[in-house]
Amino acid sequence: MDEIPKYKRILLKLSGEALMGDGDYGIQPEVISQFASEIAKLSEAGVEVGIVIGGGNIFRGAGLAAGGIDRVSGDHMGMLATVINALALQDALEKAGRYCRVMSALAINDVCEDYLRRRAVRHLEKGRVVIFAAGTGNPFFTTDTAASLRAVEIGAELLLKATKVDGVYSADPVTNPDAVRYDTLTFDKAIDERLAVMDMSAMVMCQEHKMPLRVFDVKQAGNLRKIVYGADDIGTLIQ
């Protein structure tokens, strides 16, 4: 494999659930340290890395709403959960030797910066990893939508969605043994067949702005690096 990264600037969408590892709640230090180590190595190689992180390991707005909490309040709680995760990942990245900035769509000036696109791009150009927290800052929008939005705003060359499965399937592979994994997909097909990739608003945004999306298994160590260095046989590429 060519040792020159294929992509100069990427946006990684990392779910909050990924930070739980094998646990049921919260953050497993060894898991977040592994993620930080892989991200730090990419940054050291000159790749500009932006990250959008979810909060499902702590709170999920839609789930809270289903339990009777006002949806707007629940979504705000979910946004704050993403800030907690972002600060934890920032700490792990700094321990791995990389400069990192957390930028929040909600104003929380005592713990992180406000999100400003130009400042975010400048941080990336200076070699800092940038973690975008609090989703879009608006209720009713998922962190998937935030990831597609930030990817477009910062001019990323690739949006990477880190999941617990090795790509996009025609059906749920856990319940349907006949489910087929796709190597490549078009956004039209993913949207028309309502495949479980991202929410519709996120996929439509990627489609409209020609933002390629690769869905891959984050549990497999080294996958992130291989993709950034040009491997095309990992996960599912949607474009």
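Preceding block: the structure.
Rules of the game
- Residues numbered from 1 in each chain as written.
- Predicted model: local features only at pLDDT ≥ 70, side-chain atom pairs only at ≥ 80, totals over all residues.
- Heavy atoms only, no water.
- Salt bridge = Lys/Arg side-chain N within 4 Å of Asp/Glu carboxyl O.
- Helix = DSSP H or I, 4+ residues; strand = E, 2+ residues; numbered from the N terminus.
- Buried < 20%, exposed > 50% of the residue type's maximum accessible area, 1.4 Å probe, protein only.
- Pairing = 2+ DSSP bridges.
- Core = buried A, V, L, I, M, F, W, Y, C linked by side-chain atoms within 4.5 Å.

Caption draft 1: The pattern of salt bridges, seen in detail. Evaluation of the coordinates by the stated rule reveals 13 salt bridges. A salt bridge links D91 to K95; the nearest nitrogen and oxygen atoms lie 2.7 Å apart. One end of the pair, D91, and the other, K95, are both in helix α3 (residues 71-95), 4 residues apart, so they sit about a helical turn from each other. Relative accessible area serves as the criterion here: at 38%, D91 is assigned to the partly exposed category.

Caption draft 2: How the structure looks around the pairing of strand β3 (residues 100-104). Counting buried positions along β3 gives 4 out of 5 residues, so the element sits mostly inside the fold. Note: β3 against strand β5 (residues 129-133), 5 bridges, orientation parallel. In the strand pairing of β5, R101 is matched with V130. Here 2 bridges tie β3 to strand β4 (residues 113-114), and the two strands are oriented parallel to one another. Residue pairing in the sheet places S104 in a bridge with D114 of β4.

Caption draft 3: Spotlight on the nonpolar core. Ranked by internal contacts, the top residues of the largest apolar core, which has 42 residues, are L14, I51 and L93. When contributions to this core are tallied by element, the ones reaching two or more residues are β1 (9-14), α1 (29-44), β2 (48-53), α3, β3, β5, β6 (158-163) and α8 (223-228). The biggest single contributor to this core is α1, with 7 residues. Formed by 31 residues, the second largest nonpolar core is a distinct cluster that contains L185, V197, M198 and L213.

Everything listed here is a matter of coordinates, which is why it stays silent on function.
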